[in-house]
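Each chain, letter by letter, is given below.
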Amino acid sequence: QVQLVESGGGLVQAEASLRLSCAGSGRTFSNYPMAWFRQAPGKEREFVAGISWGGGPTFYNNSVQGRFTVSRDNAKSTVYLQMNSLKPEDTAVYYCAAGRHPRILPSRSPRDYDVWGQGTQVTVSS
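Residues numbered from 1 in each chain as written. Predicted model: local features only at pLDDT ≥ 70, side-chain atom pairs only at ≥ 80, totals over all residues. Heavy atoms only, no water.

A.B. asks: So what exactly am I meant to see when it comes to the overall build of the chain here?
C.D. replies: The secondary structure content of the chain amounts to zero helices and 11 strands. Ordered by position from N to C terminus, the α and β elements of the chain give β-β-β-β-β-β-β-β-β-β-β. The principal-axis extents of the C-alpha atoms in the chain amount to approximately 40 × 30 × 25 Å. The burial tally for the chain puts 44% of its 126 residues in the buried class. (Helix = DSSP H or I, 4+ residues; strand = E, 2+ residues; numbered from the N terminus. Buried < 20%, exposed > 50% of the residue type's maximum accessible area, 1.4 Å probe, protein only.)

Encoded structure:
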């Protein structure tokens, strides 16, 4: 069974940090681009960050550039999202996703990902 499992969400105050983890199984995820998306209530799911199958390059939504860092440990089939200087507008459910096709750059469109985690809630209070 192919699956992704996120962890690390929680309730924090503004300017705090969190690190999300996403552990994969059932597929050789090291061959695939990976990404983080988020969805706030009443809003569409949006791209947050993506990382190529080999670990670089990386891509970010302009709203998180300079504050968030995506990384991966292919030996552990795990992707991370380090989130610093969190803002209330970062509040959302965060999802990790694996790309449909191997060995390509990560896309910003959710349609290009076929395996999704269950999501982890991140809430930032002001």
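A.B. asks: Would you explain the side chain of Ser 21 in this entry?
C.D. replies: Within the fold, Ser 21 resides in strand β3 (residues 18-25). On the basis of relative accessibility, which here comes to 17%, the residue Ser 21 falls in the buried class. In this view, Ser 21 contacts Val 5, Glu 6, Ser 7, Trp 36, Thr 78, Val 79 and Tyr 80; residues no more than four positions away in its chain are not counted. (Contact = heavy atoms within 4.5 Å.)

A.B. asks: Can you help me understand unusual backbone geometry in this one?
C.D. replies: Apart from glycine, the bulk of residues carry a negative phi angle, and the bulk of peptide bonds sit in the trans form. Note the cis peptide between Gly 56 and Pro 57, where omega equals 0°. Note that Pro 57 resides in the loop between β5 (46-51) and β6 (58-60). Phi angles above zero are rare outside glycine, and Ser 77 is one such case at about 50°. At Arg 103, a position not held by glycine, the phi torsion is positive, near 55°. With respect to the secondary-structure elements, Arg 103 resides in the loop between β9 (92-99) and β10 (113-116).

A.B. asks: So what exactly am I meant to see when it comes to the nonpolar core here?
C.D. replies: In summary, soluble globular proteins display a tendency toward joint burial of nonpolar side chains. Ranked by size, the top nonpolar core spans 27 residues in total, and within it Trp 36, Leu 81, Met 83 and Tyr 94 carry the most contacts. Contributing elements (two or more residues each) for this core: β3, β4 (34-39), β5, β7 (68-73), β8 (78-83), β9 and β11 (120-125). In this structure, Leu 81 is in contact with Leu 18, Arg 19, Leu 20, Trp 36, Val 48, Ala 49, Phe 68, Thr 69, Val 70 and Tyr 94, ignoring residues within four places of it in sequence. Judged by nonpolar contacts, the second largest core, of five residues, contains Phe 37, Phe 47, Ala 97 and Tyr 113. (Core = buried A, V, L, I, M, F, W, Y, C linked by side-chain atoms within 4.5 Å.)

A.B. asks: What is the right way to read the packing of aromatic side chains from this model?
C.D. replies: To describe a pair of aromatic rings, you give the distance between the ring centres and the angle between the ring planes. All told, the structure shown has five aromatic pairs when counted by the stated rule. Where Phe 37 meets Phe 47, the ring centres are 5.7 Å apart and the plane angle is 80°; that geometry is what we call edge-to-face. On the criterion of sequence distance, the pair formed by Phe 37 in strand β4 and Phe 47 in strand β5 is long-range, its members being 10 residues apart. When its relative accessible area of 0% is taken as the criterion, Phe 37 is described as buried. Residue Phe 47 is classed as buried on the basis of its relative accessible area of 5%. Ring centres of Phe 37 and Trp 116 lie 5.1 Å apart, and the angle between their planes is 55°; this geometry places the pair in the tilted category. Residue Phe 37 is found in strand β4, and its partner Trp 116 is found in strand β10; the two are separated by 79 residues along the sequence. In this structure Trp 116 comes out as partly exposed when scored by relative accessible area, which is 26%. The ring of Trp 116 has Arg 45 lying over it, and the distance from NZ or CZ to the ring centre is 4.8 Å. Stacked on the ring of Trp 53, the Lys or Arg Arg 103 has its end atom at 5.5 Å from the ring centre. (Phe/Tyr/Trp six-rings, centres within 6.5 Å; stacked < 30°, edge-to-face > 60°. Lys NZ or Arg CZ within 6 Å of the ring centre and 35° of its normal.)

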